[in-house]
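Residues per chain, in single letters:
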Amino acid sequence: MDLTPLANADLRSTPLRRDHCTLSDWSTACAALEAGKLTLLALWGEAAAVRMALLDEGAGRIGVLTLPAETAFPSVGRHHPPAQRLERAVADLWGLAPAGAPDARPWLGHTAPYPFLPVEGDSLHQVPVGPVHAGIIEPGHFRFTAQGETVVRLEERLGYVHKGIEALMTGAGLARGAELAGRTSGDSCVAYQWAFAQAAEAALACPAPPRAQHIRAVLAELERLANHLGDIGAICNDAAFAMMLAQCSILRERLLRATDLAFGHRMGKDVIAPGGVTRDLTPDGVAALEAALAEVAGRLPRLVALYDGTASLQDRTVGTGRLSPDLARQFGAGGFVGRASGRSFDTRRALPYAPYDALAFAVATRDGGCVNARVWVRFDEVQESLGLLSQLLASLPGGPVRTDLLPARATEGAEGIGLVEGFRGDVFVHLALGPDGRIARCHLRDPSWFQWPLLEAAIEGNIIADFPLCNKSFNCSYSGHDL
Amino acid sequence: MRKFLLQGLMSRPLTEPAPLPGDPAVEELGRALQARLRGRLGRSLTIRAVDAGSCNGCELEIHALANPFYDLERFGLHFAASPRHADVLLVTGPVTRNMAEALRRTYTATPDPKWVVAAGDCARDGGCFAGSPAILGGVAAVVPVDLHVPGCPPSPTALLQGLLALLDRAATRA
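Residues numbered from 1 in each chain as written. Chains lettered and ligands numbered in written order. Predicted model: local features only at pLDDT ≥ 70, side-chain atom pairs only at ≥ 80, totals over all residues. Heavy atoms only, no water.

### As for the overall build of chain B
When helices and strands are counted, chain B shows six helices and seven strands. Reading the helices (α) and strands (β) of chain B from amino to carboxyl end gives α-α-β-α-β-β-β-α-β-α-β-β-α. When contacts within chain B are restricted to residue pairs at least 6 apart in sequence, long-range pairs at least 24 apart make up 82% of them. With an accessible surface of roughly 7,700 Å², chain B has 54% of that area assigned to carbon and sulfur atoms. (Helix = DSSP H or I, 4+ residues; strand = E, 2+ residues; numbered from the N terminus. Contact = heavy atoms within 4.5 Å. Areas by Shrake-Rupley, 256 points an atom, 1.4 Å probe, with all protein chains shown as cover.)

### Regarding the packing of helix H6 (residues 210-238) of chain A against helix H8 (residues 283-308) of chain A
Helix-helix packing is described using two parameters, namely the angle between the two axes and the distance between the axes. Residue and element names in this part refer to chain A. At a minimum axis distance of 13 Å, the contact between H6 and H8 shows a crossing angle of 30 degrees. Taken together, H6 and H8 sit at an angle that is classed as roughly parallel. As H6 packs across H8, the resulting crossing turns out to be left-handed. Residue-level contacts link Val218, Leu222, Leu225, Leu229 and Cys236 of H6 to Leu289, Leu293, Val296 and Tyr307 of H8. Looking at the contact of H6 with H8 residue by residue, the class counts come to nine nonpolar, no polar and no charged. (Axes fitted to C-alpha atoms, helices over the stretch in contact; angles between N-to-C directions. Parallel < 35°, antiparallel > 145°, perpendicular 65-115°, else oblique. Left-handed = near helix turned anticlockwise from the far one by under 90°. Nonpolar A, V, L, I, M, F, W, Y, C, P; charged D, E, K, R; others polar.)

### Quick word on the interface of chain B and chain A
Often, the extent of an interface is quoted as the loss of accessible area upon association of its parts. Taken together, the contacts link 47 residues of chain B with 48 residues of chain A. Interface of chain B and chain A: buried area, both sides summed, is about 3,700 Å²; carbon and sulfur atoms make up 63% of it. Taken together, the connections running from chain B to chain A amount to one salt bridge. Across the pair Arg266 of chain A and Glu61 of chain B runs a salt bridge, and its minimum N-O distance is 2.5 Å. Where chain B touches chain A, the interface holds 19 residue pairs in polar contact (both at pLDDT 80 or more). Looking at the side of chain B that touches chain A, the elements that each hand over two or more residues are helix H1 (2-10), strand E1 (45-51), helix H3 (57-64) and helix H4 (97-109) of chain B. (Buried area = accessible area lost by both parts, 1.4 Å probe. Salt bridge = Lys/Arg side-chain N within 4 Å of Asp/Glu carboxyl O. Polar contact = N/O pair within 3.5 Å; in protein donor to acceptor, adjacent residues only side chain to side chain.)

### Let's talk about the domain arrangement of chain A
All names here are of chain A. If you check the domain split of chain A, you get domain 1 (8-99) and domain 2 (172-446). Look at where the C-alpha atoms of domain 1 and domain 2 centre, and you get two points 26 Å apart. Remark: the boundary between domain 1 and domain 2 carries three salt bridges. Between Arg18 and Glu415 there is a salt bridge; the shortest N-O distance is 3.0 Å. (Domains from an automatic or database assignment.)

### Side note on the sheet that holds E1 of chain B
Residues and elements named next belong to chain B. If you trace the five strands from one edge of the open sheet to the other, you get E2-E1-E3-E5-E7, paired in parallel fashion. Where the open sheet ends on each side, the last strands, each with one partner, are strand E2 (77-79) and strand E7 (147-149). Neighbour-to-neighbour, the strand axes of the sheet open up by a mean angle of 30 degrees, direction not taken into account. Both E1 and strand E3 (residues 88-92) contribute to a ladder of five bridges, which runs parallel. When the sheet's bridge partners are listed, Val50 is paired in E3 with Val91. Each of E1, E2, E3 and strand E5 (115-119) touches H3; the most contacted strand, E3, lies at about 140 degrees to it. (Pairing = 2+ DSSP bridges.)

### Some details on the pattern of salt bridges
All names here are of chain A. Taken as a whole and assessed by the stated rule, the structure comprises 34 salt bridges over all chains. Two residues, Asp280 and Arg211, come together in a salt bridge whose shortest N-O distance is 2.9 Å. In this pair, Asp280 is assigned in the loop between strand E10 (276-277) and H8 and Arg211 in helix H6, connecting sequence segments 69 residues apart. Given a relative accessible area of 12%, Arg211 falls into the buried group. Note that Arg316 is salt-bridged to Asp466, the shortest N-O span being 2.9 Å. (Buried < 20%, exposed > 50% of the residue type's maximum accessible area, 1.4 Å probe, protein only.)

Shown next, in the form of structure tokens:
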């Protein structure tokens, strides 16, 4: 299968070619996905076309197919289950029906009563949970079917926080697009704004200056650290081990305060913009960050020892919510979900972008596939991020932090791709600019699209009481998914 | 684990007399809050958080209220798992079409007297999502709002200050 020729080196700096593909190309791609030769990166609709981004992991290449479609297109999900929810969203948002799809129910649209999948068997009962949950988390509905205490099926229903982000993007300027991208998934605002900026810079063939790239990576690693520490604490807290939550939340707060001092916002929101960053890092900012990072580095070994040495905690996490390596690979699961089940894909390494191509770090991988493995991947990544941050802060290049983006040269507009490793996995952005420089179409694909379905698989055979633990260890985004 | 417990006993708490240097003393804020709370609601105010469509940024800062620096519970404020146990609904996000019914039902399930705090810029008028056909607007588009805490997301200190202002209003209304 010949993918649109995009070598990894120019992926984020070259405008994307928009060639229509034939039905035969489309079905060849479906067959390659089904055979496991390609990984589905994204599938989205636009006016009169459906598009699919594919990843060839072996060759480190990405291709985008564009199939003209007026009312329907051949279903990909029929051959490759990871595409099913994406297709249902395309049908909801663009009215393009996936022909031959195994599941024709709406996904993001909630206008009609929703038929859950039928369940048959002895002594089954159902437990509906949500959309308003007991904890302080995002809304979604979980329909558990249990036999005694054991979950025999979990069915998720999402879309509750659908805000129409992509529709708001259409016709907007780049600054407004960056604002919306930063509010797609609040815990990943840096990753989204970076991916959006990459896509804009690729479309206009106008890379950000080196100092801006470095500052972006500082922000991205701070975001990863803060979220991983929050997650480790919250996972342990869901196993009633509150001490870890308290300890981790201290470190998380220190990092947020240092980020606030250095960048003027506790989560680094709106610092990354197309063309560079809006705020330079001052020596005072660097000092604040270094102080907070030194505290995290100093306390981390004790937290690792606390987790490793508490048998009652591990009793809850080891072997719980196991995700098989085969499923992780089939779904192209990113982040700690994939890496805890042996899929070592990390776009910072597999399809590197500046400044990661010049930094030393290891991709943390485990093969247990359980809650415990997902905790360890986070601990390992905290360690790696600390290493990355000390390299980044020690090697900040000089020069400007922002460049003026030149308007698209081609009269028909330009397209670009962004792909950034957020704390949860790879955030994919496809951006099409019109000839007037405004956004013609922007698609944002959260890593959760390929992780949510796996949570349904991982919980099977576990008890309902372990669901919060499994769910937190996946920590999928609702807002990033619902758009 | 023993080391952590011993250290906790031997060292001073991290909870800050004034968490943010230069900020209008949060401790004072806490004391004022506590005085009003005791007058009005005994020793506690129970909050139920509802995400009506937020990006999850506000939830992260609401979580931070529980960390040892802000230690929300020292003021008698705590979060409940059910609206039926709540005095205050802390609602985040623009209200999406798909969450409107759930928010209405949560409001109905909360016993009187009750207050609604809309947290975050989106909760005021939809924020950067205003105008999208997928949302109904701010929180006030669906349930009556007593107070709004601005910010994207509001900082934990801003959230605390908001709760104090709410109590002022509750006291004058009573």
